Amino acid sequence: MSAPATSPAQAPANSRSRVLVASLIGTTIEFYDFYIYATAAVLVFPSLFFPNSDPTTALLSSFAVFGAAMVARPIGAVVFGHLGDRLGRKGTLVASLLTMGIATFLIGVLPTYEQAGWIATALLVLMRLAQGFALGGEWSGAALVATENAPKNKRALYGTFPQLGAPLGFIIGNGLFLIIGALLPSSAGADPSQPSEAFLSWGWRIPFLFSAVMVVIGLWVRMRLVEAPVFSKTREAGLVRKLPLATVFRSHWKQLILGTFFMLATYVLFYLMTTFSLSYGRTATDAAVPGLGYSYTTFVLMMIFGVLFFAAFTLISGPLADKYGRRATLIWVTAAILVFGLVWVPLIGMGTLGVVLWLVLGFTLMGMTFGPMGALLPELFPTSVRYTGSGISYNVSSILGAAVAPFIAVALWEAADGSPWLVGVYLSAMALLTLVSLLIGKETKDIALDEGETPAGGDAPAGRDGESPAATVAP
C-alpha cells in the first residue's frame, strides 16, 4: 500500500507587526530624505557645492540637483518593478532600501567644492540620482508588503502604514534640523537667519548620517519577511511574466492612466502644503513678492502641528476606505480639496489663527487622500504586474504633480502680486482632474488580489480588463 500523500507545508505567515514596520520604515526614510535634502538645498548646499555662482544661481543649481531625483524615479520604478514582479517583493525591497540608505549616508560624508572642486558637485548629483532610482521602487514595494499580507477587509488600513511615512519623515527631518540649529546658533553679531559656521562645517551632515540608523532597522525587519502567499501562488502556478512592463502597457494601460490621475491632486496638495507653504510663510511682508513674514522656526513649528493631523487622518482614512470603499471615500475627499483651494485667501486673511487653520485643514485633507492610495493603486493590477503597474502610476504622477507644482505655484504667486489665490485655484483645477478620473474608475474594495491570473494557454478571465495571458516563467 502506498503511503498517503502529504500536504505541502504551509508557508510561514508574516506577523502583523513585522508587515507594518517593514512597509512603514522605507517610506519614512523616503520622505525624511526629501525634507532633509530640501532644507539643506536652501541652507547650505548653495555655498558648499556651488560657491562660484551668485546666490540666486547657486540656489537654483541646488534645486536642480534636487529635481534630478524625479528623473531617476520612473527608471527605478521600471527596474525594481521588473525585479519585484519576477523575483519577489522581499529581495527587491531589501535592494531598494539598501541603495537608498547608502546614497543618503554618502551625502553626509561628501567633500565640499572647496575640498574637491567640481568632483564634489558631480558626486552630489550622482548620489541624488541614486536616491531617486531607489525611491522609484520603494513605495510600490512597501505598499505591496502591506496590502498583500493584509486580511481582505483590512487592506486599506494596512495600506495606510506606508503612507504614514510622509508625516513621520517630515517630523523627524525638520525636527532634527531645528534641534541642530538650536544647538549650533549663529555667533553674536551674525545674521541669525543664516546657519552658523559650525552648522556649515559639520552640523548639516548629521541628518544624512542619522538615516543609517533607520536603514539598519529597516533592513533587519525586511530580511525577516517571507513572500506573501498571493505572490507565492502566482510564482508556483507559472504565472510570472517575462516582461512585466510590456504586459502592463499592453493589457493594463487604462489602469496606468487612471492610477496616475488618482494620485494627481494628492501630489499637488502635498507639495503645496510642504514646499510652497514654507516659502510663502517665511517671505517678508514687504518683499517684492510678499509673503506672511514668519521666521523659519515659527513657521516650521506651525507646520509640524499641522502634520500631526496629517498623520492622524492618514490612519483614520484606512477604516473609512475599508467600510465605504476607496472610490467613494476619495470622491468626497477630492471634492473637499477642490473647495479648500478656493478658500485659501479668506482663511489666510484671518491672521495667525487663520494660517494655522489653513495648515491644519490642508494636512488633514492630505492624510485623507493619501491614506487610501496605499491600497487603491496596488488593487488596480493583478499580482504578476502589480509591483510594476502601481510603481509607474505613482512615480509618473509624481512628475506631473510633484515635479512641476513648486514652479507653477511660485509663478502664480508672483502673477498675483503676492496673493496665493491663483495657487489655490491651481490646486482646485488639479482636484477636478482627479475627481473626474475617480468618477470614471471603478471600486476596487472587493477585488481579490489574485483576480485576473490564468496559466499560460488558459482563457483570459473576465476580471479587471480581460487581459490575454502573457508568456509565463517557470517557478
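Residues numbered from 1 in each chain as written. Predicted model: local features only at pLDDT ≥ 70, side-chain atom pairs only at ≥ 80, totals over all residues. Heavy atoms only, no water.

**Here we look at the overall build of the protein chain**
Within the protein chain, the regular secondary structure consists of 22 helices and 2 strands. Counting all 475 residues of the protein chain, 54% fall into the buried class. Accessible area of the protein chain: about 19100 Å², with a carbon and sulfur share of 70%. (Helix = DSSP H or I, 4+ residues; strand = E, 2+ residues; numbered from the N terminus. Buried < 20%, exposed > 50% of the residue type's maximum accessible area, 1.4 Å probe, protein only. Areas by Shrake-Rupley, 256 points an atom, 1.4 Å probe, with all protein chains shown as cover.)

**Remarks on the environment of alanine 311**
Looking at the element boundaries, alanine 311 is found in helix 15 (residues 296-324). With 148 residues separating them in the primary sequence, alanine 311 and glutamine 163 have C-alpha atoms 8.8 Å apart. Not counting chain neighbours up to four residues away, the residues in contact with alanine 311 comprise Leu164 and Pro167. (Contact = heavy atoms within 4.5 Å.)

**Quick word on the pattern of salt bridges**
Scanning all chains against the criterion turns up 10 salt bridges. The closest approach of N and O atoms between glutamate 148 and arginine 89, which form a salt bridge, is 2.8 Å. Placement of glutamate 148 in helix 6 (residues 118-148) and of arginine 89 in helix 4 (residues 89-107) is noted, with a sequence separation of 59 residues between them. In this pair, the class of glutamate 148 matches that of arginine 89, namely buried. Across the pair glutamate 379 and arginine 155 runs a salt bridge, and its minimum N-O distance is 2.8 Å. In this pair, glutamate 379 is assigned in helix 19 (residues 373-379) and arginine 155 in helix 7 (residues 155-163), connecting sequence segments 224 residues apart. Residue glutamate 379 shares its accessibility class with arginine 155, and that shared class is buried. Members of the salt-bridge network, linked through shared partners, are Asp85, Arg89, Glu148 and Arg386. (Salt bridge = Lys/Arg side-chain N within 4 Å of Asp/Glu carboxyl O.)

**Notes on helix 10 (residues 205-223)**
Between its first and last C-alpha, helix 10 extends 28 Å over 19 residues, near the 27 Å set by a 1.5 Å rise per residue. Taken together, the buried positions of helix 10 are occupied by Arg205, Pro207, Phe208, Ser211, Met214, Val215, Gly218, Leu219, Val221 and Arg222. (Expected span 1.5 Å × (residues − 1).)

**Digging into the environment of methionine 70**
Following the sequence through the fold, methionine 70 ends up in helix 3 (residues 55-86). On a C-alpha basis, the gap between methionine 70 and valine 396 in space is 9.2 Å, while along the polypeptide they are 326 residues apart. Residue contacts for methionine 70: discarding those within four places in its chain leaves Tyr271, Ser398, Ile399, Ala402 and Ala403.

**Some words on the packing of aromatic side chains**
Summed over the entire model, instances satisfying the criterion amount to 29 aromatic pairs. Here the aromatic rings of phenylalanine 177 and phenylalanine 199 are separated by 6.0 Å at their centres, their planes lie at 40°, and the arrangement is tilted. Here phenylalanine 177 is found in helix 8 (residues 165-183), whereas its partner phenylalanine 199 is found in helix 9 (residues 197-203), with 22 residues between them in sequence. Here phenylalanine 177 and phenylalanine 199 have matching classes, each one buried. Taken together through their ring pairs, the aromatic side chains of Phe31, Tyr35, Trp139, Phe170, Tyr267, Phe270, Tyr271, Phe310, Phe363, Phe370 and Tyr394 make up a single cluster. Sitting over the face of the ring of tyrosine 37, arginine 128 holds its NZ or CZ atom 4.6 Å from the ring centroid. (Phe/Tyr/Trp six-rings, centres within 6.5 Å; stacked < 30°, edge-to-face > 60°. Lys NZ or Arg CZ within 6 Å of the ring centre and 35° of its normal.)

**What about helix 14 (residues 264-282)?**
Along an α-helix, residues three or four positions apart point the same way, because every turn accommodates 3.6 residues. The end-to-end C-alpha distance of helix 14, which contains 19 residues, comes to 26 Å, matching closely the 27 Å that a straight helix rising 1.5 Å per residue would cover. At phenylalanine 276, helix 14 shows its largest kink, close to 40°. Extensive coverage of helix 14 is indicated by the burial of 15 of its 19 residues. (Bend = angle between axes of the 7 residues up to and from the residue.)

**A few points about the nonpolar core**
Generally speaking, nonpolar side chains in soluble globular proteins are found buried as a group. Of all hydrophobic cores here, the largest spans 104 residues; its most connected members are Phe45 and Trp358. No other element matches helix 14, which puts 11 residues into this core. The residues touching phenylalanine 45, leaving out its near neighbours within four places in the chain, are Tyr37, Ala40, Phe50, Ser62, Ile107, Leu124, Trp204 and Phe208. Grouped together as the second largest cluster of nonpolar side chains are 14 residues, Val19, Phe80, Leu93 and Phe161 included. (Core = buried A, V, L, I, M, F, W, Y, C linked by side-chain atoms within 4.5 Å.)

**Details of unusual backbone geometry**
Despite not being glycine, aspartate 417 shows a phi value in the positive range, around 55°. Examined against the element boundaries, aspartate 417 turns out to sit in the loop between helix 21 (405-415) and helix 22 (421-440). Of the residues examined, aspartate 417 reaches a relative accessible area of 64% and is grouped as exposed.

**A look at the confidence of the model for the protein chain**
Taken as a whole, the protein chain shows an average pLDDT of 85; of its residues, 89% reach a score of 70 or greater. For the stretch residues 454-475, pLDDT sits under 50, and the model shows 59 contacts to residues farther than four places along the chain or on other chains. (pLDDT = per-residue confidence, 0-100.)

**Comments concerning the packing of helix 14 against helix 20 (residues 386-403)**
Running from amino to carboxyl end, helix 14 crosses helix 20 at an angle of 50°, the nearest separation of the two axes being 8 Å. By the criterion of interaxial angle, the relationship of helix 14 to helix 20 is oblique. Helix 14 and helix 20 meet at a crossing whose hand is right-handed. Counting all contacts with helix 14, which are made through Leu264, Tyr267, Val268 and Tyr271, the residues of helix 20 involved are Tyr394, Ser397, Ser398, Leu400, Gly401 and Ala402. (Axes fitted to C-alpha atoms, helices over the stretch in contact; angles between N-to-C directions. Parallel < 35°, antiparallel > 145°, perpendicular 65-115°, else oblique. Left-handed = near helix turned anticlockwise from the far one by under 90°.)

**Quick notes on the environment of glutamate 138**
By the secondary structure assignment, glutamate 138 is in helix 6. Other than its neighbours up to four places away in sequence, glutamate 138 contacts Gly26, Thr27, Glu30, Leu93, Ser96, Leu97, Met100 and Arg222. Within the structure, the side chain of glutamate 138 is placed 3.1 Å from the side chain of serine 96, a separation counted as a polar contact. (Polar contact = N/O pair within 3.5 Å; in protein donor to acceptor, adjacent residues only side chain to side chain.)

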